[in-house]
Amino acid sequence: MEESQRQKKIGSVLQRDLVEVLQNAATQGGMQGILISVSKVKVTVDLSVAKVYLSIFPNNKGQELIKGIRSNAPLIRHELAQRTRHQLRRMPQLEFFIDDSLEYIDKIEQSLKGKDNPLNDPNLLDKRKKS
């Protein structure tokens, strides 16, 4: 189902402010050299829940960092509510997920460059087909 204009607008407002909140929290928490980007925010139809997809660099810190973000979700939600109080009546609940699409793209790119290139060796396609 297609997102409504309202859902898209709320998602973009949350995305913009979440980047600032998360980057500030990371630098104040003493985490140097970590880049957190909000790749997508999907808001439910009733505007009560926002699913936030985060890309974290370096990748090996992702699981540890997402646990910390999830445990601090009420504080993040409060900070967002303060920032968006003139734009939103109610702040949706925040659910955080790791966006692994960049890793997926990188794996595809590496396989195309490497020896397991299905374009060069069509026999590999038979191995990858799902039964």
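Report follows, based on the coordinates. From a predicted model like this one, the values you see are computed outputs, not experimental measurements.

About the thresholds
- Residues numbered from 1 in each chain as written.
- Predicted model: local features only at pLDDT ≥ 70, side-chain atom pairs only at ≥ 80, totals over all residues.
- Heavy atoms only, no water.
- Salt bridge = Lys/Arg side-chain N within 4 Å of Asp/Glu carboxyl O.
- Buried < 20%, exposed > 50% of the residue type's maximum accessible area, 1.4 Å probe, protein only.
- Axes fitted to C-alpha atoms, helices over the stretch in contact; angles between N-to-C directions.
- Helix = DSSP H or I, 4+ residues; strand = E, 2+ residues; numbered from the N terminus.
- Contact = heavy atoms within 4.5 Å.
- Nonpolar A, V, L, I, M, F, W, Y, C, P; charged D, E, K, R; others polar.
- Parallel < 35°, antiparallel > 145°, perpendicular 65-115°, else oblique.
- Left-handed = near helix turned anticlockwise from the far one by under 90°.
- Pairing = 2+ DSSP bridges.

Turning next to the pattern of salt bridges. Enumeration according to the criterion identifies 4 salt bridges in this entry. Ionic pairing is found between lysine 8 and glutamate 2, a salt bridge with its closest N-O pair at 3.5 Å. Given the relative accessible area of 37%, lysine 8 is considered partly exposed. Between arginine 16 and aspartate 17 there is a salt bridge; the shortest N-O distance is 3.9 Å. Given a relative accessible area of 44%, arginine 16 falls into the partly exposed group.

Between helix α2 (residues 62-71) and helix α3 (residues 73-83), the shortest axis-to-axis distance is 4 Å and the interhelical angle comes to 65 degrees. In this structure, α2 uses Ile69, Arg70 and Ser71 to contact α3, whose residues at the interface are Ala73, Pro74 and Ile76. Residue classes in the contact of α2 with α3 are distributed as 4 nonpolar, 1 polar and 1 charged.

As a further point, take the packing of helix α1 (residues 5-28) against α3. Running from amino to carboxyl end, α1 crosses α3 at an angle of 125 degrees, the nearest separation of the two axes being 10 Å. Comparing the axis directions of α1 and α3 gives the class oblique. In this structure, α1 crosses over α3, and the sense of that crossing is right-handed. Residues Leu14, Asp17, Leu18, Glu20, Val21, Leu22 and Asn24 of α1 form the contact with α3, whose own contacting residues are Ile76, Glu79, Leu80 and Arg83.

A separate point is the side chain of glutamine 7. Along the chain, the position of glutamine 7 falls in helix α1. Every residue in contact with glutamine 7, bar those within four places of it in the chain, is listed here: Glu2, Val43, Thr44, Val45 and Leu47.

Below, the discussion takes up the pairing of strand β2 (residues 49-57). With 8 bridges joining them, strand β1 (residues 35-43) and β2 adopt antiparallel strand pairing. Bridge pairing links leucine 35 to phenylalanine 57 in β2. Count of turn residues in the β1/β2 antiparallel hairpin: 5 residues, of which leucine 47 carries a positive phi of about 60 degrees. Two strands pair when backbone bridges link them, and β2 and strand β3 (residues 93-98) are joined in this way by 6 bridges, in the parallel orientation. By the bridge assignment for β3, lysine 51 is matched with glutamate 95.

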